[in-house]
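The chain contents come next:
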Amino acid sequence: MATIAVIDYGMGNLRSVAKALEHVDDRSRIVVTHDPAEIRRADRVVLPGVGAIRDCMAELQRLELDAVIHEVARNKPFLGVCLGMQALLTASEENGGMEALGVLPGQVRHFAAGFADAGIAPPGKVPHMGWNQVRQATPHPLWQGIADHSWFYFVHSYFVPLLEDGLSAGVAHYGLDFTAVVARENIFATQFHPEKSQSAGLDLLANFTRWNGTV
């Protein structure tokens, strides 16, 4: 039986992600764990998260999971969710500026700074919260069976600008275009919450449970 490890570093939507995976996949064992050995043994790995990047990085380092994530993100189907996506990038403006894991290149910015740089008024409240459409910017196995411009559920004050080299596999708009999905090789990470995004989100999670990590 295949195993999907949901990394537990004490922050966020761990149980809801695990329950959603169990709902779409009765062939795999879903484990919520911070045990490095169990994460390394898993066939697929999920890094979820809700909250502040400083706390996220502090807990990942305290639990010695930062090195584990670098390792498994090189060779296993890997899904990041919300803060789990932002943590994979190089750095964030949050908390006065923080280095993140640096698995993928990219900077995380606050919406207010992005609006100011673009010279536009905020289109609504920050955090950006609720349903938004996602344009599939690049083909990917995790988009299989999901219509382009499907609706997904977002909750975030910080965003990832559009990235070069085709890394932005999904794009959403909130006053400005931003990266809703970042993907490279065996990594696929979403700013939105697939576990809260009804049928489209469950379809994406189901695709992940079948994905072998190739594009």
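Note that the coordinates shown come from a computational prediction; the quantities given were computed from them, not determined experimentally.

**Notes on the sheet that holds strand β7 (residues 107-110)**
One open sheet accounts for 4 strands, arranged β6-β5-β7-β10; its pairing is mixed. Looking at the sheet topology across the chains shown, the edges are occupied by β6 (98-99) and β10 (158-159). In the sheet, strand β5 (residues 91-92) pairs with β6 via 2 bridges, with the strands oriented antiparallel. Paired with alanine 91 across the strands is glutamate 99, a residue of β6. In the packing of helix α6 (residues 111-118) onto the sheet, the strands contacted are β7 and β10, and the crossing angle to β7 comes to about 85 degrees.

**Points about the UniProt feature "domain: Glutamine amidotransferase" (unreviewed entry) in the protein chain**
The UniProt entry lists residues 6-208 under the feature "domain: Glutamine amidotransferase" (unreviewed entry), expressed in the numbering used here. Its end C-alpha atoms 13 Å apart, residues 6-208 is made of 29% helix and 30% strand.

**What about helix α7 (residues 198-210)?**
For α7, built from 13 residues, the straight-helix expectation of 18 Å at 1.5 Å per residue is met to within 8% by its first-to-last C-alpha distance of 19 Å. Along α7, the residues that are buried comprise Ala200, Gly201, Leu204, Leu205, Ala206, Asn207, Phe208 and Thr209. Of the surrounding elements, those touching the buried residues of α7 are β1 (2-7), α1 (14-24), β3 (44-47), β4 (78-81), β9 (150-156) and β13 (187-190).

Rules used in this analysis
Residues numbered from 1 in each chain as written. Predicted model: local features only at pLDDT ≥ 70, side-chain atom pairs only at ≥ 80, totals over all residues. Heavy atoms only, no water. Pairing = 2+ DSSP bridges. Helix = DSSP H or I, 4+ residues; strand = E, 2+ residues; numbered from the N terminus. Contact = heavy atoms within 4.5 Å. Axes fitted to C-alpha atoms, helices over the stretch in contact; angles between N-to-C directions. UniProt positions renumbered as here; feature names shortened; annotations may be inferred. Expected span 1.5 Å × (residues − 1). Buried < 20%, exposed > 50% of the residue type's maximum accessible area, 1.4 Å probe, protein only.

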